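Each chain is listed here by its residues.
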Amino acid sequence: MRDLIKAFDELPLIVKVILCIPMLDIVWSIYKICRSANKSNVVGIVLGVLTIFPGAFFIWIIDLVTVLMNNRVWWLD
């Protein structure tokens, strides 16, 4: 799982921005779940699952802004 997290962190900026498109944002939700599971953060895992379905309508905007500003997806760590 650490390799997956590291691979996502090292993606080029343009790929990260493309993955913020509303239908592709599920990839970032899976990344958030893996990141929380890696740190044994139960609240993060539950919130990560909630970003897949109900949160998918607005979380992609937050992901896009944070990727453009910080070159990283925002998450609770």
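Structure: see above.
Everything numeric here is computed off the predicted structure, so don't read it as measured data. (Residues numbered from 1 in each chain as written. Predicted model: local features only at pLDDT ≥ 70, side-chain atom pairs only at ≥ 80, totals over all residues. Heavy atoms only, no water.)

Asks: Is there a simple way to think about the overall build of the chain in this case?
Replies: Counting secondary structure elements, the chain contains five helices and zero strands. Listed N to C, the secondary structure of the chain is α-α-α-α-α in terms of helices and strands. Whereas a compact globule of 77 residues would reach a radius of gyration of roughly 11 Å, the chain reaches 11 Å, a difference of no more than 12%. Dimensions of the chain, computed from C-alpha atoms along their principal axes, come out at roughly 30 × 30 × 20 Å. When the 77 residues of the chain are sorted by exposure, 32% land in the buried category. Summarising the internal contacts of the chain: among those between residues at least 6 apart in sequence, 58% fall at separations of at least 24. Surface summary for the chain: the accessible area is close to 4800 Å², and the carbon and sulfur share equals 75%. One finds the centroid of the 7 positive side-chain charges in the chain at a distance of 4 Å from the centroid of its 6 negative side-chain charges. (Helix = DSSP H or I, 4+ residues; strand = E, 2+ residues; numbered from the N terminus. Rg over C-alpha atoms; globule rule 2.2 N^0.38 Å. Buried < 20%, exposed > 50% of the residue type's maximum accessible area, 1.4 Å probe, protein only. Contact = heavy atoms within 4.5 Å. Areas by Shrake-Rupley, 256 points an atom, 1.4 Å probe, with all protein chains shown as cover. Lys, Arg positive; Asp, Glu negative; His and termini not counted. Charge placed at Lys NZ, Arg CZ, Asp CG, Glu CD.)

Asks: Which parts of the structure should I look at to understand unusual backbone geometry?
Replies: Most peptide bonds adopt trans geometry, and most residues besides glycine take a negative phi value. Residue S40 is not a glycine yet carries a positive backbone phi of 55 degrees. Assignment of secondary structure puts S40 in the loop between α3 (26-38) and α4 (42-50). Overall, S40 belongs to the exposed group, its relative accessible area being 62%. One non-glycine residue with positive phi stands out, namely N71, at about 60 degrees. With respect to the element layout, N71 can be found in the segment after α5 (59-70). Taking relative accessible area as the criterion, N71 reaches 37% and is therefore assigned partly exposed.

Asks: For this particular structure, what's the right way to read the packing of helix α1 (residues 2-9) against α3?
Replies: Axes are the key here: two packed helices are described by the angle between their axes and the distance separating the axes. The N-to-C vectors of α1 and α3 enclose an angle of 135 degrees; their axes lie 10 Å apart at closest approach. If you check the angle between α1 and α3, you find them oblique. Here α1 runs over α3; the crossing is left-handed. Along its contact with α1, which presents R2, L4, I5, F8 and D9, the element α3 presents V27, W28, Y31, C34, R35 and N38. For the contact of α1 with α3, a count of residues per class yields seven nonpolar, one polar and three charged. (Axes fitted to C-alpha atoms, helices over the stretch in contact; angles between N-to-C directions. Parallel < 35°, antiparallel > 145°, perpendicular 65-115°, else oblique. Left-handed = near helix turned anticlockwise from the far one by under 90°. Nonpolar A, V, L, I, M, F, W, Y, C, P; charged D, E, K, R; others polar.)

Asks: What exactly am I supposed to notice about the packing of α3 against α4 here?
Replies: Running from N to C, α3 and α4 point in directions that differ by 170 degrees, and their axes come no closer than 8 Å. With respect to α4, the element α3 is oriented roughly antiparallel. Only G44, I45, G48 and V49 of α4 make contact with α3, whose side of the interface consists of S29, I33, S36 and A37. For the contact of α3 with α4, a count of residues per class yields four nonpolar, four polar and no charged.

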